[in-house]
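What the coordinates show
Chain residues, written in single-letter form:
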Amino acid sequence: MKTVVTAMENKERKVINKRDTIIIVLIIIIALACLFIPKLADRGGCAVIKCGDEAVAEISLDKDGDYTFPEFEGMIFTVADGAISVTESSCGDHTCMRTGAISRSGEVIVCVPNKAAVTIESKEQSDLDVVLK
Amino acid sequence: MIGLKPEKVSAARYVAVMGMLFAATAALNLIESILSAALPAGMRVGLANIVIMAAILSINLPSAALLVILKAAFVFLTRGFSAGVLSLCGGAFAFVVTALLFRKTNSTYILISVLGSIAHTLGQLLAARVILGTGAIFAYAPILAVSSIAAGVCTGIVLKAVFPQIERVLKKKI
């Protein structure tokens, strides 16, 4: 009876031990390092909005305002105080809206249902507020 | 479905226990949707995965795999296509990792649960990468890894407390 054998094995299994604590602590250190390194990045100059792999627009973070694009029906992108956020979305769970505002290179907002991704790029040379692609 | 059941467990009992476990997965999933509204974007505790790990431990692997598929189907119906695909990919990754660790190693409950949780996140990120068509989503990996660890510690502790009870119900003589 196989299930009983499993149960016997599981009786000897511990909830936690020293070896596994060390492994978990190491994973936490690595993850925290990966988490805080991007925070040191410079504040980016513009946000690139992508639909799938194609760039839809580049928005300068200097000018506040709301933006909508025909590719993303029901989504509103808002620039305020040098950061961009998704303030309105037609998707179900609003993960994109709850991500909040991003402003540093390497940060990203993603909306999987709408196939939208917002990334921050370093300052472009142009003086334009929005570049549509 | 009867082909999945372990010997020495009656068909009726097996169906009843599986129905109960699936109901638990669905209920925990809904509770989690409410809980995750209070958490930063994309984070979930993975309460439903406790049930799947318990099934790996106290029933058998095919039954646990069936629960993973049923859970994804439930998510698909309640939260839509992309959430369903993410659930299936995450669930499949977590299932493979936890099943291997439980069967082949003497790792502790918390470690297995933490690694399962990280595998779940990884599976979801890969699925999201395919749906989105861009790697931008991997910027979420570090923060999700940290939350996966916290979630894994919680689910590991609950799992240890809960799975013997499921085992008891499965084998109890009336």
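Just so we're clear, the structure is a prediction, and the values are computed from it rather than from any experiment.

Describing the packing of helix H2 (residues 47-58) of chain B against helix H3 (residues 61-79) of chain B
Residue and element names in this part refer to chain B. In the contact formed by H2 and H3, the axes pass within 7 Å of each other and the chain directions differ by 160°. Between H2 and H3, the crossing angle belongs to the class labelled roughly antiparallel. Pair H2 / H3 crosses with right-handed handedness. Within the contact between the two elements, H2 uses Ala 48, Asn 49, Val 51, Ile 52, Ala 55 and Ile 56 and H3 uses Leu 61, Ala 64, Leu 67, Val 68 and Lys 71. Its residues assigned to classes, the contact of H2 with H3 comprises nine nonpolar, one polar and one charged.

A look at the interface of chain B and chain A
Taken together, the contacts link 45 residues of chain B with 39 residues of chain A. Looking at the side of chain B facing chain A, the largest losses of area belong to B:Thr108, B:Leu132 and B:Tyr140, adding up to 17% of the total buried there. Across the chain B-chain A interface, the total number found is zero salt bridges. Connecting chain B to chain A are nine residue pairs in polar contact (both at pLDDT 80 or more). For the side of chain B that touches chain A, the elements supplying multiple residues, two or more each, are H2, helix H4 (81-104), helix H5 (109-132) and helix H6 (141-171) of chain B. No other element matches H5(B), which puts 10 residues into the side of chain B that touches chain A. Residues that form the side of chain B that touches chain A fall into these classes: 29 nonpolar, 10 polar and six charged.

Here is what the cut-offs are and how they apply
- Residues numbered from 1 in each chain as written.
- Chains lettered and ligands numbered in written order.
- Predicted model: local features only at pLDDT ≥ 70, side-chain atom pairs only at ≥ 80, totals over all residues.
- Heavy atoms only, no water.
- Axes fitted to C-alpha atoms, helices over the stretch in contact; angles between N-to-C directions.
- Helix = DSSP H or I, 4+ residues; strand = E, 2+ residues; numbered from the N terminus.
- Parallel < 35°, antiparallel > 145°, perpendicular 65-115°, else oblique.
- Left-handed = near helix turned anticlockwise from the far one by under 90°.
- Contact = heavy atoms within 4.5 Å.
- Nonpolar A, V, L, I, M, F, W, Y, C, P; charged D, E, K, R; others polar.
- Buried area = accessible area lost by both parts, 1.4 Å probe.
- Salt bridge = Lys/Arg side-chain N within 4 Å of Asp/Glu carboxyl O.
- Polar contact = N/O pair within 3.5 Å; in protein donor to acceptor, adjacent residues only side chain to side chain.

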